[in-house]
Amino acid sequence: MAPEEEIAIEEARVDEAVERDSIAISVRGLKNSFGDQVVHQGLDLDVRKGEILGVVGGSGTGKSVLMRSIIGLQTPDEGEVHVFGESMIGRLDDEALAIRKRWGVLFQGGALFSTLTVAENVEVPIREYYPNIGAQLRDEIAAYKIRMTGLPAEAGPKYPAELSGGMKKRAGLARALALDPDLLFLDEPTAGLDPIGAASFDEQTRKLQQTLGLTVFLITHDLDTLFSICDRVAVLADGKVIAVGTIDELLATDHPWIQEYFNGPRGRAATAAVARESGKRADPPSDGRQ
Ligand SMILES: Nc1ncnc2c1ncn2[C@@H]1O[C@H](COP(=O)(O)OP(=O)(O)O)[C@@H](O)[C@H]1O
Ligand SMILES: [Mg+2]
(Lines give C-alpha, C1' and ligand atoms only; values in the text may rest on other atoms or scores of the structure.)
(Ligands and ions follow the chains in the order given, each with its own letter.)
Protein backbone atom coordinates (compact mmCIF):
# COMPACT_ATOMS: atom_id res chain seq x y z
CA MET A 1 0.00 0.00 0.00
CA ALA A 2 1.30 3.44 -0.87
CA PRO A 3 2.10 5.64 2.14
CA GLU A 4 -0.55 8.21 1.10
CA GLU A 5 -3.18 5.47 1.13
CA GLU A 6 -2.12 4.40 4.62
CA ILE A 7 -2.35 7.99 5.78
CA ALA A 8 -5.80 8.34 4.21
CA ILE A 9 -7.04 5.20 5.96
CA GLU A 10 -5.57 6.34 9.27
CA GLU A 11 -7.25 9.75 8.86
CA ALA A 12 -10.57 8.09 8.11
CA ARG A 13 -10.19 6.04 11.30
CA VAL A 14 -9.44 9.17 13.32
CA ASP A 15 -12.43 10.96 11.77
CA GLU A 16 -14.63 8.02 12.68
CA ALA A 17 -13.37 8.02 16.27
CA VAL A 18 -13.85 11.78 16.61
CA GLU A 19 -17.37 11.41 15.19
CA ARG A 20 -18.14 8.56 17.60
CA ASP A 21 -16.77 10.51 20.55
CA SER A 22 -18.81 13.57 19.68
CA ILE A 23 -22.14 11.72 19.43
CA ALA A 24 -24.28 11.19 22.53
CA ILE A 25 -27.20 9.36 20.89
CA SER A 26 -27.23 7.54 17.59
CA VAL A 27 -30.41 6.04 16.16
CA ARG A 28 -30.30 3.98 12.94
CA GLY A 29 -33.03 2.35 10.90
CA LEU A 30 -35.58 2.61 13.69
CA LYS A 31 -38.97 1.04 13.10
CA ASN A 32 -41.86 1.21 15.55
CA SER A 33 -45.41 0.10 14.94
CA PHE A 34 -48.56 -0.54 16.93
CA GLY A 35 -50.64 -3.17 15.15
CA ASP A 36 -51.12 -1.88 11.61
CA GLN A 37 -50.02 1.61 12.48
CA VAL A 38 -46.39 2.23 11.50
CA VAL A 39 -45.10 5.14 13.55
CA HIS A 40 -41.42 5.09 12.53
CA GLN A 41 -39.79 3.48 9.52
CA GLY A 42 -36.10 3.85 8.74
CA LEU A 43 -35.61 6.68 11.21
CA ASP A 44 -32.00 7.92 11.66
CA LEU A 45 -30.85 10.57 14.11
CA ASP A 46 -27.66 11.69 15.82
CA VAL A 47 -27.63 13.88 18.91
CA ARG A 48 -24.26 15.57 19.44
CA LYS A 49 -22.66 15.78 22.84
CA GLY A 50 -23.30 19.09 24.57
CA GLU A 51 -26.06 20.32 22.27
CA ILE A 52 -29.70 21.10 22.89
CA LEU A 53 -31.46 19.25 20.09
CA GLY A 54 -35.06 20.34 19.58
CA VAL A 55 -37.39 17.64 18.23
CA VAL A 56 -40.50 18.85 16.42
CA GLY A 57 -43.25 17.32 14.34
CA GLY A 58 -47.01 17.32 14.13
CA SER A 59 -49.04 15.79 16.93
CA GLY A 60 -48.87 11.99 16.77
CA THR A 61 -45.77 11.86 14.54
CA GLY A 62 -43.97 9.75 17.14
CA LYS A 63 -41.84 12.20 19.12
CA SER A 64 -42.64 10.64 22.48
CA VAL A 65 -42.33 7.11 21.06
CA LEU A 66 -38.88 8.05 19.72
CA MET A 67 -37.83 9.20 23.18
CA ARG A 68 -39.27 6.05 24.74
CA SER A 69 -37.32 3.92 22.25
CA ILE A 70 -34.07 5.66 23.14
CA ILE A 71 -34.55 5.22 26.87
CA GLY A 72 -35.68 1.61 26.52
CA LEU A 73 -39.36 1.93 27.44
CA GLN A 74 -40.39 0.90 23.94
CA THR A 75 -38.71 -2.00 22.17
CA PRO A 76 -38.51 -1.17 18.48
CA ASP A 77 -39.42 -3.65 15.74
CA GLU A 78 -36.14 -2.87 13.99
CA GLY A 79 -33.13 -0.63 14.25
CA GLU A 80 -30.31 0.30 16.54
CA VAL A 81 -29.97 2.79 19.36
CA HIS A 82 -26.58 3.68 20.83
CA VAL A 83 -26.16 6.00 23.80
CA PHE A 84 -22.60 7.10 24.57
CA GLY A 85 -21.44 4.35 22.22
CA GLU A 86 -23.32 1.52 23.97
CA SER A 87 -26.07 -0.38 22.22
CA MET A 88 -29.24 0.00 24.30
CA ILE A 89 -31.80 -2.32 22.69
CA GLY A 90 -32.76 -5.27 24.85
CA ARG A 91 -29.84 -4.67 27.20
CA LEU A 92 -30.34 -5.08 30.94
CA ASP A 93 -26.74 -5.79 31.92
CA ASP A 94 -24.44 -3.68 34.10
CA GLU A 95 -23.06 -1.62 31.22
CA ALA A 96 -26.55 -0.64 30.07
CA LEU A 97 -27.44 0.16 33.68
CA ALA A 98 -24.38 2.39 33.96
CA ILE A 99 -25.60 4.31 30.89
CA ARG A 100 -29.15 4.57 32.28
CA LYS A 101 -27.76 6.29 35.34
CA ARG A 102 -26.32 8.93 33.04
CA TRP A 103 -29.68 10.25 31.88
CA GLY A 104 -32.62 12.02 33.46
CA VAL A 105 -36.11 12.25 32.00
CA LEU A 106 -38.92 14.76 32.31
CA PHE A 107 -41.97 13.01 30.83
CA GLN A 108 -44.76 14.74 28.95
CA GLY A 109 -47.15 16.11 31.58
CA GLY A 110 -44.52 15.95 34.34
CA ALA A 111 -45.65 12.62 35.78
CA LEU A 112 -44.83 13.41 39.41
CA PHE A 113 -46.04 10.92 42.02
CA SER A 114 -48.99 12.78 43.51
CA THR A 115 -48.77 11.02 46.90
CA LEU A 116 -45.13 12.04 47.37
CA THR A 117 -43.78 15.48 48.22
CA VAL A 118 -41.48 17.27 45.78
CA ALA A 119 -38.42 16.21 47.78
CA GLU A 120 -39.63 12.60 47.94
CA ASN A 121 -40.21 12.66 44.17
CA VAL A 122 -36.63 13.80 43.61
CA GLU A 123 -35.41 11.04 45.92
CA VAL A 124 -37.14 8.25 43.94
CA PRO A 125 -34.30 7.72 41.42
CA ILE A 126 -31.69 8.07 44.17
CA ARG A 127 -33.36 5.31 46.19
CA GLU A 128 -33.67 3.17 43.08
CA TYR A 129 -30.13 3.47 41.78
CA TYR A 130 -28.19 4.20 44.99
CA PRO A 131 -30.01 2.28 47.73
CA ASN A 132 -27.04 2.59 50.08
CA ILE A 133 -27.15 6.36 50.29
CA GLY A 134 -28.39 7.29 53.78
CA ALA A 135 -31.52 9.35 54.45
CA GLN A 136 -29.70 12.51 55.43
CA LEU A 137 -27.48 12.66 52.35
CA ARG A 138 -30.48 11.81 50.19
CA ASP A 139 -32.40 14.75 51.69
CA GLU A 140 -29.45 17.04 51.10
CA ILE A 141 -29.11 15.95 47.48
CA ALA A 142 -32.86 16.47 46.91
CA ALA A 143 -32.76 19.94 48.50
CA TYR A 144 -29.81 20.87 46.30
CA LYS A 145 -31.51 19.65 43.10
CA ILE A 146 -34.68 21.55 44.00
CA ARG A 147 -32.71 24.78 44.38
CA MET A 148 -30.86 24.12 41.10
CA THR A 149 -34.12 24.31 39.16
CA GLY A 150 -34.98 27.72 40.60
CA LEU A 151 -37.59 26.46 43.08
CA PRO A 152 -37.51 27.86 46.61
CA ALA A 153 -36.35 25.46 49.34
CA GLU A 154 -39.90 25.61 50.79
CA ALA A 155 -41.16 23.69 47.75
CA GLY A 156 -39.50 20.48 49.02
CA PRO A 157 -42.17 19.42 51.55
CA LYS A 158 -45.08 20.41 49.24
CA TYR A 159 -47.25 17.94 47.33
CA PRO A 160 -47.63 18.33 43.54
CA ALA A 161 -51.27 19.43 43.93
CA GLU A 162 -50.05 22.42 45.94
CA LEU A 163 -47.81 23.67 43.12
CA SER A 164 -48.43 25.90 40.10
CA GLY A 165 -47.92 24.43 36.62
CA GLY A 166 -44.48 26.02 36.29
CA MET A 167 -43.39 24.76 39.70
CA LYS A 168 -44.52 21.23 38.84
CA LYS A 169 -42.35 21.30 35.72
CA ARG A 170 -39.39 22.44 37.78
CA ALA A 171 -40.03 19.70 40.32
CA GLY A 172 -40.00 17.20 37.44
CA LEU A 173 -36.76 18.76 36.23
CA ALA A 174 -35.26 18.43 39.71
CA ARG A 175 -36.15 14.73 39.68
CA ALA A 176 -34.59 14.37 36.21
CA LEU A 177 -31.39 15.93 37.56
CA ALA A 178 -31.32 13.71 40.66
CA LEU A 179 -28.50 11.44 39.45
CA ASP A 180 -26.27 14.21 38.01
CA PRO A 181 -27.06 13.17 34.43
CA ASP A 182 -24.97 13.90 31.36
CA LEU A 183 -28.04 13.61 29.20
CA LEU A 184 -31.46 15.13 29.75
CA PHE A 185 -34.68 14.13 27.99
CA LEU A 186 -37.45 16.72 28.14
CA ASP A 187 -40.84 15.91 26.57
CA GLU A 188 -42.84 19.09 25.96
CA PRO A 189 -41.59 20.78 29.13
CA THR A 190 -43.25 24.14 28.48
CA ALA A 191 -46.63 22.83 27.29
CA GLY A 192 -49.39 24.41 29.36
CA LEU A 193 -47.19 27.18 30.79
CA ASP A 194 -47.91 30.84 30.17
CA PRO A 195 -45.33 32.62 27.95
CA ILE A 196 -43.45 34.12 30.91
CA GLY A 197 -43.31 30.79 32.75
CA ALA A 198 -42.23 29.05 29.54
CA ALA A 199 -39.47 31.59 28.82
CA SER A 200 -38.21 31.30 32.37
CA PHE A 201 -38.16 27.49 32.16
CA ASP A 202 -36.24 27.72 28.85
CA GLU A 203 -33.71 30.04 30.40
CA GLN A 204 -33.23 27.62 33.30
CA THR A 205 -32.74 24.73 30.86
CA ARG A 206 -30.12 26.68 28.93
CA LYS A 207 -28.33 27.72 32.11
CA LEU A 208 -28.23 24.16 33.44
CA GLN A 209 -27.10 22.81 30.08
CA GLN A 210 -24.25 25.31 29.94
CA THR A 211 -23.08 25.03 33.55
CA LEU A 212 -23.39 21.25 33.76
CA GLY A 213 -22.32 20.52 30.18
CA LEU A 214 -25.52 18.57 29.51
CA THR A 215 -26.73 17.12 26.25
CA VAL A 216 -30.47 17.82 25.94
CA PHE A 217 -33.04 15.95 23.82
CA LEU A 218 -35.92 18.40 23.87
CA ILE A 219 -39.29 17.59 22.36
CA THR A 220 -41.32 20.76 21.95
CA HIS A 221 -44.11 22.51 20.10
CA ASP A 222 -42.94 25.81 21.41
CA LEU A 223 -41.45 27.95 18.65
CA ASP A 224 -39.99 30.38 21.19
CA THR A 225 -38.11 27.48 22.79
CA LEU A 226 -36.77 26.35 19.41
CA PHE A 227 -35.60 29.81 18.43
CA SER A 228 -34.18 30.81 21.78
CA ILE A 229 -32.35 27.77 23.17
CA CYS A 230 -31.99 24.94 20.63
CA ASP A 231 -28.63 24.49 18.89
CA ARG A 232 -30.20 22.30 16.21
CA VAL A 233 -33.68 21.06 15.42
CA ALA A 234 -34.78 17.65 14.10
CA VAL A 235 -38.07 17.50 12.20
CA LEU A 236 -40.16 14.33 12.36
CA ALA A 237 -42.57 13.58 9.52
CA ASP A 238 -43.60 10.50 7.54
CA GLY A 239 -42.07 8.20 10.16
CA LYS A 240 -38.59 9.66 9.76
CA VAL A 241 -36.38 12.57 10.66
CA ILE A 242 -36.87 14.48 7.42
CA ALA A 243 -34.37 17.23 8.29
CA VAL A 244 -31.99 18.21 11.04
CA GLY A 245 -29.95 21.36 11.41
CA THR A 246 -29.95 24.90 12.71
CA ILE A 247 -33.14 26.84 12.08
CA ASP A 248 -31.37 28.76 9.30
CA GLU A 249 -30.40 25.47 7.69
CA LEU A 250 -33.96 24.16 7.98
CA LEU A 251 -35.33 27.35 6.47
CA ALA A 252 -33.09 26.78 3.46
CA THR A 253 -34.91 23.52 2.70
CA ASP A 254 -38.10 23.67 0.72
CA HIS A 255 -40.11 21.08 2.62
CA PRO A 256 -43.68 22.49 2.86
CA TRP A 257 -44.22 21.45 6.52
CA ILE A 258 -40.94 23.08 7.57
CA GLN A 259 -41.68 26.26 5.65
CA GLU A 260 -45.19 26.46 7.05
CA TYR A 261 -44.01 25.75 10.59
CA PHE A 262 -41.08 28.16 10.81
CA ASN A 263 -42.19 30.74 8.29
CA GLY A 264 -45.87 30.93 9.23
CA PRO A 265 -47.06 33.90 11.32
CA ARG A 266 -46.09 32.26 14.64
CA GLY A 267 -42.62 31.36 13.39
CA ARG A 268 -42.07 34.94 12.24
CA ALA A 269 -43.20 36.31 15.58
CA ALA A 270 -40.73 34.01 17.36
CA THR A 271 -37.90 35.10 15.04
CA ALA A 272 -38.72 38.75 15.68
CA ALA A 273 -38.82 38.17 19.46
CA VAL A 274 -35.42 36.47 19.48
CA ALA A 275 -33.95 39.21 17.31
CA ARG A 276 -35.34 41.88 19.67
CA GLU A 277 -33.89 40.06 22.65
CA SER A 278 -30.42 39.92 21.14
CA GLY A 279 -30.62 43.63 20.30
CA LYS A 280 -30.75 43.07 16.57
CA ARG A 281 -33.46 44.36 14.30
CA ALA A 282 -35.64 41.60 12.91
CA ASP A 283 -36.04 41.43 9.17
CA PRO A 284 -39.50 42.82 8.54
CA PRO A 285 -41.82 40.09 7.28
CA SER A 286 -42.40 40.61 3.58
CA ASP A 287 -46.19 40.61 3.90
CA GLY A 288 -46.21 42.93 6.88
CA ARG A 289 -47.33 40.27 9.40
CA GLN A 290 -45.53 39.75 12.69
N1 LIG B 1 -48.49 2.33 23.70
C2 LIG B 1 -49.10 2.64 22.55
N3 LIG B 1 -50.00 1.80 21.99
C4 LIG B 1 -50.58 2.09 20.81
N5 LIG B 1 -50.33 3.20 20.10
C6 LIG B 1 -49.45 4.08 20.60
C7 LIG B 1 -48.78 3.86 21.85
N8 LIG B 1 -47.94 4.89 22.08
C9 LIG B 1 -48.09 5.72 21.03
N10 LIG B 1 -48.98 5.25 20.15
C11 LIG B 1 -49.37 5.90 18.88
O12 LIG B 1 -48.19 6.26 18.19
C13 LIG B 1 -48.32 7.52 17.55
C14 LIG B 1 -47.21 8.43 17.99
O15 LIG B 1 -47.39 8.75 19.37
P16 LIG B 1 -46.50 9.80 20.14
O17 LIG B 1 -45.07 9.44 20.00
O18 LIG B 1 -47.04 9.86 21.51
O19 LIG B 1 -46.81 11.14 19.33
P20 LIG B 1 -46.23 12.60 19.60
O21 LIG B 1 -45.39 12.94 18.40
O22 LIG B 1 -47.44 13.49 19.67
O23 LIG B 1 -45.45 12.57 20.87
C24 LIG B 1 -49.72 8.02 17.92
O25 LIG B 1 -50.58 7.77 16.84
C26 LIG B 1 -50.10 7.21 19.11
O27 LIG B 1 -51.47 7.04 19.19
MG1 LIG C 1 -45.73 13.36 22.76
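A few points on the structure. Please read these numbers as outputs of a predicted model, since none were measured by experiment. (Residues numbered from 1 in each chain as written. Chains lettered and ligands numbered in written order. Predicted model: local features only at pLDDT ≥ 70, side-chain atom pairs only at ≥ 80, totals over all residues.)

What follows concerns the site of ligand 1. In the vicinity of ligand 1, the residues found are Phe34, Val39, Gly57, Ser59, Gly60, Thr61, Gly62, Lys63, Ser64 and Val65. At three residues, the largest contribution of residues to the shell around ligand 1 is made by helix 2 (residues 63-70). Classifying every residue of the shell around ligand 1 gives three nonpolar, six polar and one charged. (Near = placed C-beta within 6 Å. Helix = DSSP H or I, 4+ residues; strand = E, 2+ residues; numbered from the N terminus. Nonpolar A, V, L, I, M, F, W, Y, C, P; charged D, E, K, R; others polar.)

Here the focus is the sheet that holds strand 1 (residues 23-34). Pairing within the open sheet is antiparallel, and its four strands lie in the order 2-1-4-5. Bordering the open sheet on either side are strand 2 (37-48) and strand 5 (86-87), each of which pairs with just one other strand. Where strand 1 lies against strand 2, eight bridges are found, and the strand directions are antiparallel. Pairing of Leu30 across the sheet is with Leu43, part of strand 2. In the packing of helix 2 onto the sheet, contacts are made with strand 1, strand 2 and strand 4 (78-83), and the angle to strand 1 comes to roughly 120°. (Pairing = 2+ DSSP bridges. Contact = placed C-beta atoms within 7 Å. Axes fitted to C-alpha atoms, helices over the stretch in contact; angles between N-to-C directions.)

So, on to the packing of helix 4 (residues 118-129) against helix 5 (residues 135-148). Where helix 4 meets helix 5, the closest approach of the two axes is 9 Å, and the angle between their N-to-C directions is 115°. As the angle between them shows, helix 4 and helix 5 are arranged roughly perpendicular. Between helix 4 and helix 5 lies a crossing whose hand is right-handed. On helix 5, the residues touching Val118, Ala119, Val122, Glu123 and Ile126 of helix 4 are Arg138, Asp139, Ile141, Ala142, Ala143, Lys145 and Ile146. Here the contact of helix 4 with helix 5 is built from residues that sort into eight nonpolar, no polar and four charged. (Parallel < 35°, antiparallel > 145°, perpendicular 65-115°, else oblique. Left-handed = near helix turned anticlockwise from the far one by under 90°.)

Glycine aside, residues mostly have negative phi angles, and peptide bonds mostly take the trans form. Its identity as a non-glycine residue notwithstanding, Phe84 has a phi of 45°, on the positive side. Among the secondary structure elements, Phe84 is positioned in the loop between strand 4 and strand 5. A positive phi is found at Glu188, a non-glycine position, where the angle reads about 50°. With 21 C-beta atoms counted inside 10 Å, the residue Glu188 sits in the buried group. (Buried ≥ 20, exposed ≤ 12 C-beta atoms within 10 Å, placed from the backbone.)

What follows deals with helix 4. Here helix 4 has its buried residues at Val118, Ala119, Asn121, Val122 and Glu123. For helix 4, the elements touching its buried residues are helix 5 and helix 6 (165-176).

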